[in-house]
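# Observations on the model geometry
Next come the chains, spelled out residue by residue.
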Amino acid sequence: MVQEGGDGAPTVRFAFPVHCEYHGGNARLGPHGRHLWIADGRIGHGELRLTRSIPLADVISVEVAPRDGGGVGEQALWAPGIAGSGRLPHAPAVVTDVTVRTRDGQEAAWVVEGHDAQWVRERLTPALAHARIPFYGDLTPPYR
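None of these values were measured; they are calculated from a predicted model.

This paragraph deals with the overall build of the protein chain. Scanning the protein chain for helices and strands turns up one helix and ten strands. Listing each helix as α and each strand as β along the protein chain from the N terminus yields β-β-β-β-β-β-β-β-β-β-α. Of all 144 residues assigned to the protein chain, the portion counted as buried reaches 35%. Summarising the internal contacts of the protein chain: among those between residues at least 6 apart in sequence, 49% fall at separations of at least 24.

Here's what the structure looks like:
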(Lines give C-alpha, C1' and ligand atoms only; values in the text may rest on other atoms or scores of the structure.)
Protein backbone atom coordinates (compact mmCIF):
# COMPACT_ATOMS: atom_id res chain seq x y z
CA MET A 1 0.00 0.00 0.00
CA VAL A 2 1.39 3.42 -0.97
CA GLN A 3 0.02 6.68 0.40
CA GLU A 4 1.29 10.16 1.07
CA GLY A 5 2.74 11.00 4.47
CA GLY A 6 2.34 14.23 6.41
CA ASP A 7 5.45 15.78 4.82
CA GLY A 8 4.32 14.93 1.28
CA ALA A 9 6.68 11.95 1.05
CA PRO A 10 5.17 8.65 -0.08
CA THR A 11 4.54 6.10 2.67
CA VAL A 12 4.86 2.39 1.84
CA ARG A 13 3.53 -0.50 3.88
CA PHE A 14 3.81 -4.19 3.03
CA ALA A 15 1.46 -5.62 5.63
CA PHE A 16 -1.71 -7.72 5.70
CA PRO A 17 -2.84 -9.11 3.30
CA VAL A 18 0.72 -9.17 1.93
CA HIS A 19 2.90 -11.70 3.75
CA CYS A 20 6.18 -9.88 4.41
CA GLU A 21 8.78 -10.72 7.05
CA TYR A 22 12.02 -9.11 8.15
CA HIS A 23 14.81 -11.71 8.44
CA GLY A 24 17.56 -9.64 10.07
CA GLY A 25 20.81 -8.26 8.77
CA ASN A 26 20.82 -4.84 10.45
CA ALA A 27 21.72 -4.59 14.14
CA ARG A 28 19.51 -1.52 14.69
CA LEU A 29 16.46 -3.33 13.27
CA GLY A 30 16.99 -6.48 15.34
CA PRO A 31 16.98 -10.13 14.28
CA HIS A 32 13.42 -10.49 12.95
CA GLY A 33 10.08 -8.79 12.53
CA ARG A 34 6.97 -8.45 10.42
CA HIS A 35 6.13 -6.23 7.51
CA LEU A 36 8.09 -3.54 5.66
CA TRP A 37 7.40 0.13 6.23
CA ILE A 38 8.75 3.35 4.74
CA ALA A 39 7.33 6.36 6.57
CA ASP A 40 8.45 9.72 7.94
CA GLY A 41 11.91 9.46 6.39
CA ARG A 42 12.57 6.03 7.91
CA ILE A 43 12.53 2.39 6.78
CA GLY A 44 11.91 -0.57 9.03
CA HIS A 45 9.32 -3.00 10.30
CA GLY A 46 6.45 -3.30 12.74
CA GLU A 47 3.15 -5.11 13.16
CA LEU A 48 0.60 -2.26 13.23
CA ARG A 49 2.98 0.69 12.83
CA LEU A 50 6.66 1.34 12.22
CA THR A 51 8.31 0.24 15.48
CA ARG A 52 11.97 -0.51 14.55
CA SER A 53 13.54 1.67 11.90
CA ILE A 54 16.60 3.39 10.47
CA PRO A 55 16.76 6.75 8.66
CA LEU A 56 16.41 6.63 4.88
CA ALA A 57 19.49 8.89 4.81
CA ASP A 58 21.53 5.84 5.95
CA VAL A 59 20.37 3.71 3.00
CA ILE A 60 22.63 3.56 -0.08
CA SER A 61 20.57 1.15 -2.21
CA VAL A 62 17.69 -1.31 -2.24
CA GLU A 63 17.76 -4.59 -4.15
CA VAL A 64 14.56 -6.33 -5.22
CA ALA A 65 15.19 -9.84 -6.53
CA PRO A 66 12.95 -12.79 -7.39
CA ARG A 67 13.68 -16.12 -5.71
CA ASP A 68 12.95 -19.58 -7.01
CA GLY A 69 10.07 -20.66 -4.82
CA GLY A 70 10.35 -24.31 -5.81
CA GLY A 71 7.34 -26.24 -6.90
CA VAL A 72 6.74 -29.93 -7.29
CA GLY A 73 5.85 -31.88 -10.40
CA GLU A 74 4.34 -35.35 -10.30
CA GLN A 75 5.23 -37.45 -7.27
CA ALA A 76 4.46 -40.97 -6.22
CA LEU A 77 2.39 -41.13 -3.05
CA TRP A 78 2.83 -44.20 -0.91
CA ALA A 79 1.16 -44.70 2.43
CA PRO A 80 1.04 -47.82 4.60
CA GLY A 81 -2.09 -49.82 3.90
CA ILE A 82 -2.89 -47.97 0.68
CA ALA A 83 -2.01 -49.54 -2.63
CA GLY A 84 -1.17 -47.39 -5.62
CA SER A 85 0.19 -43.96 -6.16
CA GLY A 86 -1.11 -40.47 -6.58
CA ARG A 87 0.14 -37.07 -7.59
CA LEU A 88 0.61 -34.08 -5.32
CA PRO A 89 1.89 -31.41 -7.68
CA HIS A 90 1.94 -27.76 -6.78
CA ALA A 91 3.04 -24.68 -8.64
CA PRO A 92 6.16 -22.75 -7.65
CA ALA A 93 5.64 -20.16 -4.93
CA VAL A 94 6.20 -16.52 -5.83
CA VAL A 95 8.84 -15.11 -3.47
CA THR A 96 10.71 -11.78 -3.67
CA ASP A 97 13.73 -10.79 -1.59
CA VAL A 98 14.24 -7.15 -0.62
CA THR A 99 17.73 -6.19 0.59
CA VAL A 100 18.33 -2.74 2.07
CA ARG A 101 22.03 -1.80 2.08
CA THR A 102 23.20 0.88 4.49
CA ARG A 103 26.28 3.12 4.65
CA ASP A 104 27.76 1.06 7.48
CA GLY A 105 27.86 -2.07 5.28
CA GLN A 106 24.86 -3.89 6.77
CA GLU A 107 22.22 -5.60 4.63
CA ALA A 108 18.71 -5.83 6.05
CA ALA A 109 16.62 -8.59 4.44
CA TRP A 110 12.88 -8.84 3.92
CA VAL A 111 10.97 -11.65 2.19
CA VAL A 112 7.72 -10.88 0.39
CA GLU A 113 5.59 -13.91 -0.47
CA GLY A 114 2.93 -14.08 -3.14
CA HIS A 115 4.11 -11.03 -5.13
CA ASP A 116 6.70 -10.87 -7.88
CA ALA A 117 9.71 -8.55 -8.01
CA GLN A 118 8.03 -6.16 -10.45
CA TRP A 119 5.05 -5.67 -8.10
CA VAL A 120 7.34 -5.02 -5.12
CA ARG A 121 9.58 -2.65 -7.08
CA GLU A 122 6.59 -0.64 -8.36
CA ARG A 123 5.36 -0.05 -4.81
CA LEU A 124 8.80 0.93 -3.49
CA THR A 125 9.67 3.27 -6.38
CA PRO A 126 7.77 6.42 -5.29
CA ALA A 127 9.19 6.44 -1.75
CA LEU A 128 12.73 5.54 -2.81
CA ALA A 129 12.73 8.06 -5.66
CA HIS A 130 11.53 10.77 -3.26
CA ALA A 131 14.43 9.90 -0.91
CA ARG A 132 16.86 9.64 -3.90
CA ILE A 133 17.70 6.02 -3.10
CA PRO A 134 18.56 3.93 -6.16
CA PHE A 135 17.72 0.31 -6.77
CA TYR A 136 20.85 -1.82 -6.60
CA GLY A 137 20.61 -2.85 -10.27
CA ASP A 138 20.48 0.83 -11.31
CA LEU A 139 23.86 1.65 -9.73
CA THR A 140 26.98 1.83 -11.86
CA PRO A 141 29.55 -0.94 -11.05
CA PRO A 142 31.98 1.07 -8.83
CA TYR A 143 29.09 1.87 -6.45
CA ARG A 144 27.76 -1.69 -6.12
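Right, picking up where we left off after that structure.
By the definition in use, this model includes six salt bridges. Salt bridges sharing partners connect three or more residues here, namely E63, R101 and E107.

With 14 residues, helix α1 (residues 117–130) should cover 20 Å at 1.5 Å per step; its first-to-last C-alpha distance of 20 Å lies within 8% of that length. The largest bend in α1 amounts to roughly 40° and is located at L124, with the proline P126 lying one to four residues further along. Within α1 the residues assigned to the buried category are A117, W119, V120, L124, A127 and L128. Once α1 ends, the next one or two residues include R132, with phi positive near 60°.

A word on unusual backbone geometry. Phi is positive for H35, which is not a glycine, with a value near 75°. Assignment of secondary structure puts H35 in the loop between β4 (33–34) and β5 (36–39). You can call H35 buried: its relative accessible area is 2%. Positive phi, normally seen in glycine, also occurs at D40, with a value near 55°.

Counting buried positions over the ten residues of strand β9 (residues 93–102) gives seven, a clear majority of the element. In this sheet, strand β10 (residues 107–113) lies alongside β9 in antiparallel orientation, the contact comprising seven bridges. Bridge pairing links T96 to V112 in β10.

The subject of this paragraph is the nonpolar core. By size, the foremost hydrophobic cluster in this structure holds 27 residues, and its most contacted members are F14, V62, V98, W110 and L124. In terms of residue count, the dominant contributor to this core is α1 (six residues). Each residue touching W110, except ones within four places of it in the same chain, is listed here: C20, E21, Y22, L29, H35, L36, G44, H45, T96, D97, V98 and V100.

Calculation criteria
- Numbering of residues starts from 1 in each chain and follows the order in which that chain's sequence is written.
- Given that this is a predicted model, residues contribute local features only at a pLDDT of at least 70 and side-chain atom pairs are listed and counted only at 80 or more, while totals for whole chains, interfaces and linings are drawn from all residues.
- Side-chain metrics in this entry use all non-hydrogen atoms of the structure; hydrogen atoms and water are not considered.
- Helix and strand definitions here come from DSSP, where helices need a minimum of 4 consecutive H or I residues and strands a minimum of 2 consecutive E residues; each element is numbered from the N-terminal end.
- Only protein chains enter the accessibility calculation, which uses a 1.4 Å probe; a residue is then buried when its area is under 20% of its type maximum, exposed when over 50%, and partly exposed in between.
- We call two residues in contact when some of their heavy atoms are within 4.5 Å.
- A pair is scored as a salt bridge if a Lys or Arg side-chain nitrogen falls within 4 Å of a carboxyl oxygen belonging to Asp or Glu.
- One less than the residue count of a helix, multiplied by 1.5 Å, gives the span that helix is expected to have.
- Fitting one axis to the seven residues ending at a residue and another to the seven starting there, the bend at that residue is the angle between the two axes.
- Here, a strand pair is defined by DSSP locating no fewer than two bridges between the strands.
- For our purposes a nonpolar core is just a set of buried Ala, Val, Leu, Ile, Met, Phe, Trp, Tyr and Cys residues, chained together by side-chain atoms within 4.5 Å.

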